[in-house]
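One letter stands for each residue in the lines below.
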Amino acid sequence: MFIELSATSNFTFLTGASHPEELMDGVVGLGQNALAIADLNSVAGIVRAHVEAREIRRKTGTSPRLIPAALIRLTDGFTVTALPQDRSGWGRLCRLISTGRLRAPKGECYLGGDDLMDWGAGMDLLLHPPDETVRQVTPPEGGAGGWVPQVERLARRLGRDHLSLLMAPCYDGRDRNRFDRLAALADQLGLPTIASARPLMHKAARRPLADVLTAIRNGVRVDDLGRAAMIHAEQRLRSQAEMLKIFKGHEAAVHRTGEITGRLTFSLDELRYEYPSEISAGEDPTARLTRLTRDGLNWRYPQGVPEKVRKMADHELALIARLKYEPYFLTVRDVVAFARDKGILCQGRGSAANSVVCYALGVTSVSPEVGTMVFERFVSEARDEPPDIDVDFEHERREEVIQHIYEKYGRHRAGLCATVIHYRGKRAAREVGRAMGLSDDTLSAMSSQIWGWGGGEVSAERLREIGLDPADRRMMKTLSLISEIQGFPRHLSQHVGGFIMTEGRLDELVPVENATMENRTVIPWDKDDIDALGILKVDVLGLGMLSCIRKAFDLLSTHHKTRFTLATLPPEDPAVYDMLCEADSIGIFQVESRAQMNFLPRMKPRKFYDLVIQVAIIRPGPIQGDMVHPFIRRRNGLESVTFPSDALGEVLGKTLGVPLFQEQAMQIAIIGAGFSPEEADRLRRSLATFKKHGNVSEFHDRFMEGMRANGYDDDFSARCFSQIEGFGSYGFPESHAASFALLVYASAWLKHHHPGIFACALLNSQPMGFYAPAQIVRDARDHGVTVLPVCINASEWDNRMEKRADGTLALRLGFRQIRGISEEEGIWIEEARGNGYRAVEDVWRRAGVDTGVLTLLAEADAFAALGLARRDALWAARAVSPAKPLPLFAGDMDGEGVVEPAIIFAEMSEGEHVVEDYAAMRLTLRSHPMALLRSRLTSGYGNTFPLPPDRNIQCVCIVR
């Protein structure tokens, strides 16, 4: 049987015109049972084809097989399709690609002939003849030129048994002569020939999109592609009958593909990920995890470990031991322990993070009694894959943790996951439209009609509204291509923090390459790919609120001699909940948005689990599923609490019979709709956060039928599934909500009891959150905090708490609040200050900053303490010059330089000061801007427009 051994997918970016899944489906439709996807110096797309083959097997019972491969192109143009024969060959292919990628910038691969000979063993290599040999009927004298000696060297090093000369048609009417010539060349080299269609797409209809991709890659219009355009749509998947017809007279090359396939035994299913062993001092992972858990429980419960908690810990440890997950938990624990030793605040979350074991190990500070989900729902014997634990670190110090992981494991054992950037929305419209020759004005108008990151379709009605003709032939084709390119990969980026760490070499499991960011290395597979292969990932994420809380804890220790951690904050403080019930939540983690502030007085949180619900309820899942209003009615006693059944009552008890969490949606599918563990697992995968592909809606009919069969009414079932669909866009599990709720409480506690310290820490952690520094400062002053301005002799780089004469603390704004001043410059000013500056020129002379910095300081009114008004300080800053002035007029000179006449500036008004404050620092400690207009508003300043008599209201138009 003919097997295609050199197909190119769209993971050869802007070249291939079909998804790996489409290629796999295509060969099955042609009656073939295998396919080799060989992307250029990459294996980024093969996992998707492998998963699709697995899915086809599940649905149809057929056994299609992905043959992992890569198209290796050396820097001199020498090209081979590399097909690993076994697991060892795969490891060498990964090392080969890693070698080229790590010596090149992101997206490039620099490989030479020696690299191919060093790593080419254990692979079948299909040699692509040089272009002049393929394209020309009568090639130049010398035939393949320097290509033949390179093949001879390769044959001597690797042997001829696993080398073949690839023949592919050009469909130009000269293929018969071309194949004869290539067969003669193969005989000369002592190599067999092998046939390939070299498909770039799964069907001919993708040719227009292939040309658009080429135009985007080359930065030209489709009309100007010239010879770069495809001259036909023949470079697609071919059936065996078609290949035999094309290669008439060379049928052996077609049949030999099956012969080669027979000795390619490697499958991605053979990849066995090994967790880092994490053995310490001769202690095996089981003993080490048990000891650390026992020690951690004694640390968490100094008054004695409750019997219930001890039993939960024993149960979890036994399950972890049976599944051999101890290295996973130890890996996460060691990363967290490093952060703790360095004083970096962190907090774990995820499916297993809210367990007793993680609480004892210090991965999370949320007591396990808070949650309602049992450990088996996250760490299951029926589901052979590791649990999920994400760890949030201070966003300003996360890089320290990332570099520690690289140093501990080595870059050959650790790397970040990739994130596939897909064509969506505005980008699809812009790039396809530009390739199709639409003007920039037209593209801007079209893009303005696309919202969010989703689809880029623009309706005909919208096009007419913006003055475009949807019936125009070019416009119709452009819209069709925009729709077709949706979901195509554009390029690879690095995951926000998903780390792969291995016991053996990571670069023998998957290639490793450089990221754009310095000192980062990544793998080409994203989180869905590694999840499908059962590979451990630990998310090392950055969270601004953790930076804020840690800085607030440090300020409390400095000024109040009290030391808190997330786990030791005074719990369940009624005054904190009173503040939240009033929606006084500016700056508080997760509940500072307008939607959350609107909901807080209705929710009226009075205990920690109320915050868990508060965090999770204002999300697309519950909102789309119409779960919010029923929950509030039941909570406020306006509606009776009922459960669809006793079984679902156990799942929905804490949420008053209304499903709010992703775990509950999963349990409804299992208990209510009768999903099997395998079906539930596929549903769970489809609910991945911010899913960029896949569709949870395929489960709709199965879900509704199952719910109906178990006696649940269609209205409840439809609402439940609507919520599940919402999770497909953005789901929020209870385990994540509990971890975030702890940060809600911590930030609320700090704001209520120490508003000045909280505001200071929040300002020092910017940028983050919903609110600008001006709103944070305004809110702090409303809470009784004294805020002092930036002062050349009192401020530091960071904002700080300053003790006043009466013993109270005031918030002193730092140099970081001034636009345009760098941290280095601010620290220089602080360090060179000594006993204080006496003049503007003094700052320049002692701190060594340039005159532009003096101007910025003057514009921020930082010299007020020296008795200099803003304009006077600005005039003095402009007068500072490193060069000595020329003595133009002797009578105007003194001992130092030019004697200038005294300048008396007009005093600035309050409004002018406010404007300059916002220009320099984005905030003011003077009047609120509206206070300057209030008298004009109340006196009816401007033009008034009377409304109809039945409206007792007037509109006031203010002209700025």
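Residues numbered from 1 in each chain as written. Predicted model: local features only at pLDDT ≥ 70, side-chain atom pairs only at ≥ 80, totals over all residues. Heavy atoms only, no water.

Colleague: How would you sum up helix 13 (residues 326-341)? Please name residues and give values.
Modeller: Here helix 13 is 16 residues long and its end C-alpha atoms lie 22 Å apart, about the 22 Å a rise of 1.5 Å per residue gives. Most of helix 13 is tucked away, with 13 of its 16 residues classed as buried. Taken from the residues just after helix 13, Gly-343 is the one with a positive phi, measuring 75°. (Helix = DSSP H or I, 4+ residues; strand = E, 2+ residues; numbered from the N terminus. Expected span 1.5 Å × (residues − 1). Buried < 20%, exposed > 50% of the residue type's maximum accessible area, 1.4 Å probe, protein only.)

Colleague: I'd like to hear about the sheet that holds strand 2 (residues 34-37), residue by residue, with values.
Modeller: What links the strands of a sheet is backbone hydrogen bonding, and the strands pair in either a parallel or an antiparallel sense. Strand order across the open sheet formed by three strands is 1-2-3, with parallel pairing between neighbours. Of all the strands in the sheet, the pair left with one neighbour each is strand 1 (4-7) and strand 3 (65-68). Strand-to-strand twist in this sheet, taken as the mean axis angle between neighbours without regard to direction, amounts to 30°. Against the sheet, helix 1 (residues 20-29) touches strand 2 and strand 3, its axis set at about 150° to strand 2. Each of strand 2 and strand 3 is contacted by helix 2 (residues 46-60), which is oriented at about 160° to strand 3, the strand it contacts most. (Pairing = 2+ DSSP bridges. Axes fitted to C-alpha atoms, helices over the stretch in contact; angles between N-to-C directions. Contact = heavy atoms within 4.5 Å.)

Colleague: Just give me the short version of the pairing of strand 2, but keep the residues and values in it.
Modeller: Residues of strand 2 alternate between two faces, with Ala-34 and Ala-36 on one and Leu-35 and Ile-37 on the opposite face, all of them buried. With two bridges connecting them, strand 1 and strand 2 associate as parallel partners. The partner of Ala-7 across the bridge, within strand 2, is Ile-37. Strand direction decides the pairing type here: strand 2 and strand 3, joined by four bridges, are parallel. Of the residues in strand 3, the one forming a bridge with Ala-36 is Ile-67. Where the polypeptide runs from strand 2 across helix 2 and back to strand 3, its parallel neighbour, the crossover connection is right-handed. (Right-handed = clockwise from strand over helix to strand, strands pointing away.)

Colleague: An account of the packing of aromatic side chains is requested, with residue identities and associated values reported.
Modeller: Tallying each qualifying case throughout the model produces 16 aromatic pairs. Taking the centre distance of 6.1 Å and the plane angle of 65° together, the rings of Tyr-301 and Tyr-359 count as edge-to-face. One end of the pair, Tyr-301, is in the loop between helix 11 (285-300) and helix 12 (307-323); the other, Tyr-359, is in helix 14 (residues 356-361), and 58 residues separate them in sequence. With respect to burial, Tyr-301 and Tyr-359 carry one shared label: buried. Site record: aromatic cluster; members linked through ring pairs are Phe-675, Phe-699, Phe-703 and Phe-721. Across the ring face of Tyr-406, the terminal group of Arg-411 is positioned such that the distance to the ring centre comes to 4.0 Å. The ring of Tyr-609 carries the charged tip of Lys-654 above its face, separated from the ring centre by 4.4 Å. (Phe/Tyr/Trp six-rings, centres within 6.5 Å; stacked < 30°, edge-to-face > 60°. Lys NZ or Arg CZ within 6 Å of the ring centre and 35° of its normal.)

Colleague: Describe in detail the state of the cysteines, supporting the description with residues and values.
Modeller: Two cysteines, two sulfur atoms, one covalent bond between them: this is a disulfide. The final tally for this structure, using the stated rule, is zero disulfides. With no disulfide of its own, Cys-760 has Cys-548 as its nearest cysteine by sulfur position, at a separation of 9.4 Å. (Disulfide = S-S within 2.5 Å.)

Colleague: Describe the confidence of the model for the protein chain, with residues and values.
Modeller: Looking at the protein chain, the pLDDT average stands at 86 and 89% of residues meet or exceed 70. For the stretch residues 136-143, pLDDT sits under 50, and the model shows nine contacts to residues farther than four places along the chain or on other chains. Below a pLDDT of 50 lies the segment residues 944-960, which in the model reaches 14 contacts outside its immediate sequence neighbourhood of four places, other chains included. (pLDDT = per-residue confidence, 0-100.)

Colleague: Break down the nonpolar core for me, with residues and values.
Modeller: Ile-72, Trp-90, Leu-127, Phe-329, Ile-389 and Trp-525 are the most contacted members of the largest nonpolar core, which totals 113 residues. Counting 100 residues, the second-largest nonpolar core is a separate cluster that includes Leu-345, Leu-543, Val-785 and Leu-854. (Core = buried A, V, L, I, M, F, W, Y, C linked by side-chain atoms within 4.5 Å.)

Colleague: A description of the environment of Tyr-609 should follow, citing residues and the corresponding values.
Modeller: By the secondary structure assignment, Tyr-609 is in helix 24 (residues 608-617). Sequence separation of Tyr-609 and Thr-655 is 46 residues, and the distance between their C-alpha atoms is 9.8 Å.

Colleague: Outline helix 32 (residues 734-753), supporting the account with residue identities and numerical values.
Modeller: Helix length check: helix 32, at 20 residues, gives a terminal C-alpha distance of 28 Å against a target of 28 Å (1.5 Å per residue), a fit within 8%. Along helix 32, 18 of the 20 residues are buried, which leaves the element largely enclosed by surrounding structure.

Colleague: Let's hear about the side chain of Lys-751: which residues, and what values?
Modeller: Within the secondary structure, Lys-751 sits in helix 32. Residue Lys-751 is classed as buried on the basis of its relative accessible area, which comes to 2%. Within the local environment of Lys-751, its side chain forms a polar contact with the backbone oxygen of Ile-586, the two atoms lying 2.8 Å apart. Of note is the side chain of Lys-751, whose polar atom sits 2.8 Å from the side chain of Asp-779. (Polar contact = N/O pair within 3.5 Å; in protein donor to acceptor, adjacent residues only side chain to side chain.)

Colleague: Residue-level account of a nonpolar patch on the surface, with values.
Modeller: Taken together, the side chains of Met-930, Leu-932, Leu-933 and Leu-937 present a nonpolar region at the surface, about 280 Å² in accessible area. Note on placement: Leu-932 falls in the loop between helix 39 (910-921) and helix 40 (934-938). Assessed through its relative accessible area of 33%, Leu-932 is described here as partly exposed. (Patch = residues over 30% accessible without salt bridge, like charges linked within 9 Å, V, L, I, M, F, W, Y side chains within 5 Å. Areas by Shrake-Rupley, 256 points an atom, 1.4 Å probe, with all protein chains shown as cover. Salt bridge = Lys/Arg side-chain N within 4 Å of Asp/Glu carboxyl O.)

Colleague: I'd like a description of the pairing of strand 15 (residues 538-543), backed by residues and values.
Modeller: For a regular strand, side chains alternate in direction, first toward one face of the sheet and then toward the other. Counting buried positions along strand 15 gives five out of six residues, so the element sits mostly inside the fold. In this structure, strand 10 (residues 390-394) lies alongside strand 15, joined through five bridges in parallel fashion. Each bridged residue has a counterpart across the sheet, and for Asp-390 the counterpart in strand 15 is Asp-539.

Colleague: Explain the side chain of Ser-18 residue by residue, including any values.
Modeller: Following the sequence through the fold, Ser-18 ends up in the loop between strand 1 and helix 1. The exposure class assigned to Ser-18 is buried, which follows from its relative accessible area of 0%. Separated by 2.6 Å, the side chains of Ser-18 and His-202 make a polar contact. Those residues in contact with Ser-18 that lie beyond four places of it in its chain are Ser-9, Asn-10, Leu-23, Leu-200, Met-201, His-202, Arg-206 and Phe-488.

Colleague: Outline the packing of helix 16 (residues 425-435) against helix 19 (residues 473-485), supporting the account with residue identities and numerical values.
Modeller: Direction vectors running N to C along helix 16 and helix 19 enclose 130°, while the axes themselves pass 9 Å from each other. For the element pair helix 16 / helix 19, the angle class is oblique. Considering the relative orientation of helix 16 and helix 19, their crossing is right-handed. Side by side, helix 16 and helix 19 meet where Ala-428, Ala-429, Val-432 and Gly-433 of the first sit next to Thr-478, Leu-481, Ile-482 and Ile-485 of the second. Of the residues in the contact of helix 16 with helix 19, the class split is six nonpolar, two polar and no charged. (Parallel < 35°, antiparallel > 145°, perpendicular 65-115°, else oblique. Left-handed = near helix turned anticlockwise from the far one by under 90°. Nonpolar A, V, L, I, M, F, W, Y, C, P; charged D, E, K, R; others polar.)

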